[in-house]
Amino acid sequence: MKSIIFVTFAIVAIAVAAPPEEPYKILRSDFQQQPEGGYVYSFETENGINRQEQGELKEALDEENKPHQVVVVRGSYSYKNNEGQVDTINYFADETGFHAEGDSIPKVPARR
């Protein structure tokens, strides 16, 4: 029992003594709200993460064929993967759901 308490205190002491990791700095950030409800958003961090996105209002039909407003989003983000190469994901989201494409996203096999 004493050894468990000692090990627990040792782990806590090591965790407290470890220097905190500094967050990466944001180099650029921009957000523009448009009067009709759309927006444009982007940012870049010092570790190479980039993101651009825009949203715009669209009229869609619900399950009962009633019109309603939805925000259609299109964008992309990129980052350095574990091998140090830049990986880019392009995406869009609308009334059909979220759809993403990129080299790191598994492809769904075609139906036969």
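Before reading further, recall that the structure is shown in the block above.
For clarity, every value in this text was computed on a predicted model and none was experimentally measured.

### Quick word on the overall build of the protein chain
Okay, step 1: Scanning the protein chain for helices and strands turns up 1 helix and 6 strands.
Okay, step 2: Shown N-terminal to C-terminal, the secondary structure of the protein chain runs as helices and strands in the order α-β-β-β-β-β-β.
Okay, step 3: The burial tally for the protein chain puts 17% of its 112 residues in the buried class.
Okay, step 4: Put simply, 14% of the contacts in the protein chain that link residues at least 6 apart link residues at least 24 apart.

### Examining the pairing of strand β3 (residues 50-61)
Okay, step 1: Inspection of the sheet shows strand β2 (residues 39-45) paired to β3 by 6 bridges, in the antiparallel sense. The partner of E44 across the bridge, within β3, is N50.
Okay, step 2: Counted along the chain from β2 to the antiparallel partner β3, the turn is 4 residues long, and its residue G48 has a positive phi close to 95°.
Okay, step 3: As paired strands, β3 and strand β4 (residues 67-80) are joined by 12 bridges and run antiparallel to one another.

### A look at unusual backbone geometry
Okay, step 1: Phi angles above zero are rare outside glycine, and N65 is one such case at about 60°.
Okay, step 2: Along the chain, N65 turns up in the loop between β3 and β4.

### Quick look at the environment of K80
Okay, step 1: Following the sequence through the fold, K80 ends up in strand β4.
Okay, step 2: As for K80 and G48, which are separated by 32 residues in sequence, their C-alpha atoms are 6.6 Å apart.

The rules we used
Residues numbered from 1 in each chain as written. Predicted model: local features only at pLDDT ≥ 70, side-chain atom pairs only at ≥ 80, totals over all residues. Heavy atoms only, no water. Helix = DSSP H or I, 4+ residues; strand = E, 2+ residues; numbered from the N terminus. Buried < 20%, exposed > 50% of the residue type's maximum accessible area, 1.4 Å probe, protein only. Contact = heavy atoms within 4.5 Å. Pairing = 2+ DSSP bridges.

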